[in-house]
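Structure assessment
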Amino acid sequence: MIRLGSLAGYPFEGPRVLGGWTPPAIAAVFAILYRADPDGRPYDYAVLDVDHADNLAAAMLPFGHPRAKCWERRAGNKWNLHICTYEVPGGLRSHREQIVRELVAIYRPGCAPEQFDQVWKDEWIGSYRAPTAGPLTTTRDPGGPTGRAAETDVN
């Protein structure tokens, strides 16, 4: 098992070598990984692509997928490719799509056709004063370090 995503992440099955993997007939999110440094630590992977399928067996995996050539080119060869899958418990297609967008925003995989940003705009929340809460103390960049703690004005 490998966890991908922010905080505790999503528990993906795998990674498994893509070339020896038989896709099951399930709806799932999948991530294509490769060992960027094969001589490095055994569990260091780089994310090449994230997607989902209503049926993994029908998604033309492993090497008939439309982006398989990109995966092979980036990994150096097809035997350096790995796959991990996450069957979303009780999840619908919309849940899988949201997970894909989140993971693409975090990892920025080079073979993903779309890129997403985790953006924070002031007008979405605005400023506020409340006797039970102070201003947010984190930076605007969700992946960045925590900003300096703001002073609170609680009366």
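Residues numbered from 1 in each chain as written. Predicted model: local features only at pLDDT ≥ 70, side-chain atom pairs only at ≥ 80, totals over all residues. Heavy atoms only, no water.

Turning next to the state of the cysteines. In this structure the tally under the stated criterion is one disulfide. There is a disulfide in this structure between Cys 70 and Cys 111, and the S-S distance comes to 2.1 Å. Disulfide Cys 70-Cys 111: torsion about the S-S bond near -85°, hence left-handed. You can see Cys 70 sitting in helix H1 (residues 68-75) and its partner Cys 111 sitting in the loop between helix H2 (93-107) and helix H3 (122-125), a full 41 residues away along the chain. (Disulfide = S-S within 2.5 Å. Helix = DSSP H or I, 4+ residues; strand = E, 2+ residues; numbered from the N terminus.)

Right, let's talk about the environment of Glu 13 for a bit. As for its placement among the helices and strands, Glu 13 is situated in strand E2 (residues 10-17). Each C-alpha atom, one on Glu 13 and one on Phe 30, is 9.3 Å from the other, the two residues being 17 residues apart in sequence. In contact with Glu 13, not counting residues within four places along its chain, are Ile 83, Cys 84 and Thr 85. (Contact = heavy atoms within 4.5 Å.)

Of the residues in the protein chain, 72% reach a pLDDT of 70 or more, and the chain-wide mean stands at 80. Counting contacts from residues 146-155, a segment whose pLDDT is below 50, to residues more than four positions away or on other chains yields 16 contacts. (pLDDT = per-residue confidence, 0-100.)

All right, on to the sheet that holds E2 then. Taken together, five strands build an open sheet; the order of strands is E1-E2-E5-E3-E4 and the sheet is antiparallel. Edge positions in the sheet fall to strand E1 (2-4) and strand E4 (46-53), since each of these pairs with one other strand and no more. With direction set aside, neighbouring strand axes in the sheet form an average angle of 35°. The sheet contact formed by E1 and E2 spans three bridges and is antiparallel. Residue Leu 4 lies in a different strand from E2, and its bridge partner there is Tyr 10. In the packing of H2 onto the sheet, the strands contacted are E1, E2, strand E3 (28-34), E4 and strand E5 (81-86), and the crossing angle to E4 comes to about 165°. (Pairing = 2+ DSSP bridges. Axes fitted to C-alpha atoms, helices over the stretch in contact; angles between N-to-C directions.)

This paragraph deals with unusual backbone geometry. Here the amide bond leading from Gly 14 into Pro 15 is cis, since omega sits at 5°, within 30 degrees of zero. Locating Pro 15 in the fold gives a position in strand E2. Here the phi dihedral of Met 60 falls at roughly 60°; this positive angle occurs in a residue that is not glycine. Tracing the backbone through its elements, the reader meets Met 60 in the loop between E4 and H1.

Another aspect to go through is the pairing of E5. Here E5 lies mainly inside the structure; six of its six residues are buried. Judged by which residues are buried, E5 turns out to be covered on both faces: Leu 81, Ile 83 and Thr 85 on one side and His 82, Cys 84 and Tyr 86 on the other are all buried. Judged from the three bridges that link them, E2 and E5 form a sheet pairing that is antiparallel. Across the sheet, residue Arg 16 finds its bridge partner in E5, namely Ile 83. (Buried < 20%, exposed > 50% of the residue type's maximum accessible area, 1.4 Å probe, protein only.)

It is worth spelling out H2 at this point. The end-to-end C-alpha separation of H2 is 21 Å, in line with the 21 Å expected for 15 residues at 1.5 Å each. Taken together, the buried positions of H2 are occupied by Arg 96, Ile 99, Val 100, Glu 102, Leu 103, Val 104 and Ala 105. Tucked into the core, H2 has its buried residues touching E1, E2, E3, E4 and E5. (Expected span 1.5 Å × (residues − 1).)

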